[in-house]
Amino acid sequence: MSTFDPDPPAPAVGGNPADQLITIKRFLADRQPAGATGNLTGLLYDIALAGKLISSKTRRAGLTDMLGRSGVTNVQGEEQKSLDVYADQVIAGLLGKSGKVCALVSEEQPEVTVFEDGGPYVVTCDPLDGSSNIDANVSIGTIFGVFRRHDPDNGPTTEDWLRPGSDLVAAGYLLYSTSTMLVYSAGDGVHAFTLDPEAGEFLLTWSDLEFPEDPSYYSFNLAASAHWERGVERFVDWANRDDTPTMSQRYIGSAVSDFHRNLLHGGIFAYPGTDEEPAGKLRLLYEGAPLAYLAEQAGGRGSDSRESLLDLVPTDIHQRTPVFVGARGLVERLEAFVAGPDGD
Ligand code: AHG
Ligand code: MN
Ligand code: MN
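Worth saying up front: this structure is predicted, and the values here are computed from it rather than measured.

### Some words on the overall build of the protein
Regarding its fold elements, the protein presents seven helices and 15 strands. Relative to its length of 344 residues, the protein is compact, with a C-alpha radius of gyration of 20 Å against a globular reference of 20 Å. The C-alpha extent of the protein, read off along each of the three principal axes, is 55 × 50 × 45 Å. For the protein, with 344 residues in total, the buried portion stands at 52%.

Put into structure tokens, the structure is as follows:
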């Protein structure tokens, strides 16, 4: 199968193009473990459908009133954009009717949404990540995580969502950019699909993605550096040194887009805590943990600077955490700098 190649060969000419195409439906069916009920496969397909609808609205955002503010402030104290609201409604609507999901944790909802007679899965999601970039036409995304409910016959209860990322059975994101991509893992590698808008299908682009060994980028908002703990600053000083691997600093401000670029080209994305906000800005259940799960599946790591993001157990659905996620060597080096002055 095809892994990411930054310098791909010219496509072969001739033959039947359909022979090369693997739809997400076929890929999910092929990868479904023997004896599985198909619920997770169906759930991922529903998320792909939500992605198509959000993508379509995103494409038309400049032509409709979708760019603007909704006038509503969410539980994080951030004003929701119209696209935030739309994405949240689409995801809740589709998953609520799917029969596969019993509870949904969304950035845009103060409480967990429980679906009566729902299925075996709990979904966490950031319906629209990077929404401050919408009006500037910069890439945005959707992030999701999937847990299996503890007791299939009872509940769901708070233990079904206040749990560590190590319990995730799947996670992924949609990226609305030059093209629309769905990237997911269900525990057997990270796979990426591109939406063919004319065919209306997500087609396999790369399977079994891994962070490349030589990193290209570090993605930190340097404007906040005066407020970081000293170890984070020391990491950036190290990254800027002449005798370290040559990395450029790139920061989009949409976590999902920064993560995606760094997954393909090698690198680390960070949203550190500050002296005023020690837990930073990003949320564990629907930003930090799903990205950390994907990173681990691609040979990388996610950390709060001290321990794996996958080991943190939230006490609140909207709990924030510092996030350092990307190539394993870089995240471990960051942790070493934070642990002590001799990190290098
Ligand atoms: P959201 O749009 O879901 O609230 O998330 C925005 C987040 C994240 O995507 C990004 O990395 C970060 O905000 C950027 O924040 P700063 O502008 O403070 O760097
Ligand atoms: Mn976000
Ligand atoms: Mn969001």
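### Details of the coordination of the manganese ion (ligand 3)
Taken together, the protein donors to the manganese ion (ligand 3) comprise Glu107 (OE), Asp126 (OD) and Leu128 (O), at separations of 2.1 to 2.2 Å. Linear spacing of the donor residues for the manganese ion (ligand 3) on their chain is E-x18-D-x1-L. Separating the manganese ion (ligand 3) from the manganese ion (ligand 2) is a distance of 3.8 Å, and Asp126 supplies a donor atom to each of them. Note that Glu107 is positioned in the loop between β3 (101–106) and β4 (113–114) and Leu128 in strand β5 (residues 121–129), a separation of 21 residues in sequence. Given a relative accessible area of 5%, Glu107 falls into the buried group. In this structure Leu128 comes out as buried when scored by relative accessible area, which is 1%.

### Examining the coordination of the manganese ion (ligand 2)
Protein-derived coordination of the manganese ion (ligand 2) comes from Asp126 (OD), Asp129 (OD) and Glu287 (OE), at a distance range of 1.8 to 2.1 Å. Taken in chain order, the donor set of the manganese ion (ligand 2) reads D-x2-D-x157-E. Here Asp126 falls in the buried class, since its relative accessible area comes to 1%. Classification of Asp129 as buried rests on a relative accessible area of 4%.

### Side note on the site of ligand 1
In the neighbourhood of ligand 1, 18 residues make up the surrounding shell, with Asp129, Gly130, Tyr251, Ala255 and Tyr271 lying closest. Between ligand 1 and the protein, one listed contact pairs an oxygen atom with a backbone N or O atom of Ala255 at 2.8 Å. In isolation ligand 1 has 470 Å² of accessible area, and contact with the protein removes 85% of it. When residues of the shell around ligand 1 are traced back to their parent elements, those giving at least two are β5 and β13 (267–271). If one sorts the elements of the shell around ligand 1 by residue count, β5 sits on top with three residues. Viewed by domain, the shell around ligand 1 spans two of them, domain 1 (23–206) and domain 2 (217–339), each represented by three or more residues.

### What to know about the domain arrangement of the protein
Domain assignment breaks the protein into domain 1 (23–206) and domain 2 (217–339). One C-alpha centre belongs to domain 1, the other to domain 2; they are set 22 Å apart. The interface is formed by 48 residues belonging to domain 1 together with 32 residues belonging to domain 2. For the pair domain 1 and domain 2, the summed buried area comes to about 2800 Å², and 64% of that belongs to carbon and sulfur atoms. Linking domain 1 with domain 2 are one salt bridge.

Conventions and cut-offs
- Residues numbered from 1 in each chain as written.
- Chains lettered and ligands numbered in written order.
- Predicted model: local features only at pLDDT ≥ 70, side-chain atom pairs only at ≥ 80, totals over all residues.
- Heavy atoms only, no water.
- Helix = DSSP H or I, 4+ residues; strand = E, 2+ residues; numbered from the N terminus.
- Rg over C-alpha atoms; globule rule 2.2 N^0.38 Å.
- Buried < 20%, exposed > 50% of the residue type's maximum accessible area, 1.4 Å probe, protein only.
- Donors = N, O, S within 2.8 Å, 3.2 Å for Na, K, Ca; no water.
- Near = heavy atom within 4 Å.
- Polar contact = N/O pair within 3.5 Å; in protein donor to acceptor, adjacent residues only side chain to side chain.
- Areas by Shrake-Rupley, 256 points an atom, 1.4 Å probe, with all protein chains shown as cover.
- Domains from an automatic or database assignment.
- Contact = heavy atoms within 4.5 Å.
- Buried area = accessible area lost by both parts, 1.4 Å probe.
- Salt bridge = Lys/Arg side-chain N within 4 Å of Asp/Glu carboxyl O.

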